[in-house]
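Examining the three-dimensional arrangement
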Number of protein chains: 2
Amino acid sequence: MKRLTLEDIGKMAGVSRATVSRVVNNHPNISPEVRHRVQRIIEETGYQPNLAARQLASNRSDIIGLVIPNPVQSLFMDPYFARLIQGVAQACNASDQTLSLFLIEHDEHEKHTFNRLLGNGLLDGMIIAADGKNDSFLPQLRASNMPFVLVGRFANMDGIHYVDADNIHGAYRATEHLIHTGYRRIALIGSSKNNAGAQRSQGYQQALIDYDRPCDDALIATGDFTRHSAYTAMQQLLPHRPDAVFAASDEMGVGAIRAITGAGLRVPDDIAIVGFDDVPSAGAISPQLTTIRQPIQEMGALAIETLLDIISDDVTEPQQVVLDTQLIIRESCGAAHDRDR
Amino acid sequence: MKRLTLEDIGKMAGVSRATVSRVVNNHPNISPEVRHRVQRIIEETGYQPNLAARQLASNRSDIIGLVIPNPVQSLFMDPYFARLIQGVAQACNASDQTLSLFLIEHDEHEKHTFNRLLGNGLLDGMIIAADGKNDSFLPQLRASNMPFVLVGRFANMDGIHYVDADNIHGAYRATEHLIHTGYRRIALIGSSKNNAGAQRSQGYQQALIDYDRPCDDALIATGDFTRHSAYTAMQQLLPHRPDAVFAASDEMGVGAIRAITGAGLRVPDDIAIVGFDDVPSAGAISPQLTTIRQPIQEMGALAIETLLDIISDDVTEPQQVVLDTQLIIRESCGAAHDRDR
DNA sequence: TAATGAAATGCAACCGCTCTCAGGTTGTGC
DNA sequence: GCACAACCTGAGAGCGGTTGCATTTCATTA
């Protein structure tokens, strides 16, 4: 059961291999009769073009790469990536692209990976899930002619295509919600570990300013997106008697809750918490965490869409899209109007 | 900056393109002098072979596919897949393979995907994360000559290569732990939704038998791996007064805890819980969940290793490996000897 | 010294598809 | 009836590697 080639199909249909190729690729100038005859034979035989040969001849692989440069442990701690992968994968399915996944393990590996990907001609384009820090690959990438789109957690950059969630406004919304609910001493557990963290801090501060709240430095603590760091940060915050905390991630929100309950206080009765991310466990812990949800899958889908436009259409002006976030009200903010189990 | 070819390198080194190819591929019969000269030029120019051309000529792509046939929502609910992807990706990095990811969205899509993958010659081999049910693709796969390895959650099958975690023994161990801790009426929230679920139920029962405990059908409830289903299941269980529950997944363990606390009882004081999977939130909820951890990343790595052996070496006898699990003792079993924050 | 063979290298035929170019056919307008 | 255009189709030259076979080189051995 040797694999069929264009030549074989052509022979069966009494046409040349070029004609079969045209049918396969939906070229316009084919007579309906021939088209149908060839299509029927393709159907019957289950012929499929050899992708390597096609790629060699046409210089197009229909493979797009998803590169995740972050250190390893993030991946399986943070549901963000799982969702992103899913969104991108589904978008690839929908547009008949093949998705290749590249997890960067460390700096040297990053260099090696980018070198390979930019040199071996495998990919038509790349989606890069950067974090806005440590983006040392950018210059090389820009110098190449590889189409790429950055997704999420990235700094605003000139002339680069990217898709991100609106971290600033999400944080703003979280803080605003705490203000509306009536809290007066609203603390922040922030982080400048990545760009998203910085933006979330920014949103927090903007909300305070807009609502004429004092921005007390004693109510600002710093973590690194881990639960443990937030536990410590919360302990530092406690003496300053906040009545609410905006934690820049759910993981940190959980750490804050632990510190609060550990100090004999209660959430939200004594101190309210709002997180960010809406990780699955946000609804599992007690009290359930009020949080900000990012449209991660939409981001992935949009990134693919944008990338395909770049690849085919020669999009000229940079596509820079920031998607809105959503406030998910649960128990930890003390304003629940709707509780799921 | 046109991309270099073997021909170009050959010209620069004063040798033929065939010789350069041999250097690149480490063929033995090359004089050291030529080898070095060519290598130096490759180094200087950063030449990289075109993968499509190589694949076309050699019929080998060094791309392996990871196929995840489960329905969509599992993926981002269940950290299992994120970890599996990570394990496989790292193993691919280590062995210079490119990983392509295929998420199946529904039955028809499954058929379409397998047809494509078996027909277009893109992949050297596939890793398939099946669940032991709905494996309708298997006959077609076996009929093809595509090398493949099944990973996890799969039924024991003849003549097929697979890697799995020892669900039976893991469940046995969980149950045994509850027995050792002194509980007498140990309930099960199981599921036969997939093969792993069935095996976990089996391990539970075996433990009861081995320790001469009665196997009371009233203490066996069924869920579908969701938190909600376990909540309901636990409510049915409560009237029969279990003093401990083995839940066949952490998600279900969380649902059970909710039902217990919802009924005004406490975990583990009134009813102890052990889960399965060790999802990240298992340590985040209160009480922290005692559970069984699977070596998911090792499974991924081992699957790749096995697959590469099959691709290159013509491994003949089926490789069937079952990896051991680990009991993670936290609070919910009432036997904590060690608590993290 | 010539025959022998192993090692190193080049030649050229693929791998299967795309795409330009040119040839053939048919249709349109005058 | 003829010129010209529009449309189909086939021939064939790549795309950039790999690899069997032929050739050259050179040390070994009869």
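Residues numbered from 1 in each chain as written. Chains lettered and ligands numbered in written order. Predicted model: local features only at pLDDT ≥ 70, side-chain atom pairs only at ≥ 80, totals over all residues.

1. Looking at helix 7 (residues 107–119) of chain B
Residues and elements named next belong to chain B. With 13 residues, helix 7 should cover 18 Å at 1.5 Å per step; its first-to-last C-alpha distance of 18 Å lies within 8% of that length. When we look at burial in helix 7, the residues that qualify are F114, L117 and L118. For helix 7, the angular spread of the buried residues around the axis is 95 degrees, confining them to a single face. The secondary structure elements touched by the buried residues of helix 7 are strand 1 (63–68), strand 3 (125–128) and helix 8 (138–143). A positive phi of about 70 degrees marks G121, the residue just after helix 7. (Helix = DSSP H or I, 4+ residues; strand = E, 2+ residues; numbered from the N terminus. Expected span 1.5 Å × (residues − 1). Buried ≥ 20, exposed ≤ 12 C-beta atoms within 10 Å, placed from the backbone. Arc of directions from axis to C-beta. Contact = placed C-beta atoms within 7 Å.)

2. Structural notes on the packing of helix 1 (residues 6–13) of chain B against helix 3 (residues 32–45) of chain B
All names here are of chain B. Between helix 1 and helix 3, the shortest axis-to-axis distance is 10 Å and the interhelical angle comes to 120 degrees. Between helix 1 and helix 3, the angle is such that the two are oblique. Seen along the crossing, helix 1 lies across helix 3 with a hand that is right-handed. Residues I9, M12 and A13 of helix 1 pack against R37, V38, I41, I42 and T45 of helix 3. (Axes fitted to C-alpha atoms, helices over the stretch in contact; angles between N-to-C directions. Parallel < 35°, antiparallel > 145°, perpendicular 65-115°, else oblique. Left-handed = near helix turned anticlockwise from the far one by under 90°.)

3. With respect to the protein's contact with DNA strand D
Taken together, 26 residues surround DNA strand D, and among them A:T19, B:L6, B:A18, B:S21 and B:A57 come closest. For the surface near DNA strand D, the elements supplying multiple residues, two or more each, are helix 2 (17–24) and helix 4 (51–58) of chain A together with helix 2 (17–24) and helix 4 (51–58) of chain B. Class assignment of the residues belonging to the surface near DNA strand D gives a composition of 13 nonpolar, nine polar and four charged. (Near = placed C-beta within 6 Å. Nonpolar A, V, L, I, M, F, W, Y, C, P; charged D, E, K, R; others polar.)

4. Notes on the interface of chain A and chain B
Opposite the 44 residues of chain A that make contact, chain B presents 44 residues. Looking at the side of chain A that touches chain B, the elements that each hand over two or more residues are helix 4, helix 5 (72–77), helix 6 (79–94), strand 2 (98–103), helix 7 (107–119), helix 11 (227–237) and helix 12 (250–262) of chain A. If one sorts the elements of the side of chain A that touches chain B by residue count, helix 6 of chain A sits on top with nine residues. Looking at the side of chain A that touches chain B residue by residue, the classes come out as 22 nonpolar, 17 polar and five charged.

5. Some details on the packing of helix 9 (residues 167–181) of chain B against helix 10 (residues 195–210) of chain B
Residues and elements named next belong to chain B. The N-to-C vectors of helix 9 and helix 10 enclose an angle of 40 degrees; their axes lie 7 Å apart at closest approach. One finds that helix 9 runs oblique with respect to helix 10. Of the two possible hands of crossing, helix 9 and helix 10 adopt the one that is right-handed. Of the residues in helix 10, those in contact with N167, I168, H169, G170, A171, Y172, T175, E176 and I179 of helix 9 are A196, Q199, R200, Q202, G203, Y204, Q206, A207 and L208. Split by residue class, the contact of helix 9 with helix 10 holds eight nonpolar, eight polar and two charged.

6. Comments concerning unusual backbone geometry
Only a minority of non-glycine residues have a phi that is not negative, and only a minority of peptide bonds are not trans. For the bond from A:V267 to A:P268, the omega torsion is 0 degrees, close enough to zero to count as cis. Along the chain, A:P268 turns up in the loop between helix 12 and strand 9 (272–274). Its identity as a non-glycine residue notwithstanding, A:D62 has a phi of 60 degrees, on the positive side. Residue classification places A:D62 among the partly exposed positions, given that 18 C-beta atoms sit within 10 Å. A positive phi is found at B:N26, a non-glycine position, where the angle reads about 60 degrees.

7. Here's the deal with the confidence of the model for chain A
Looking at chain A as a whole, its pLDDT mean stands at 90, while 94% of the residues score no less than 70. Here residues 337–341 of chain A scores under 50 on pLDDT; set against residues more than four positions off or in separate chains, the count is eight contacts. (pLDDT = per-residue confidence, 0-100.)

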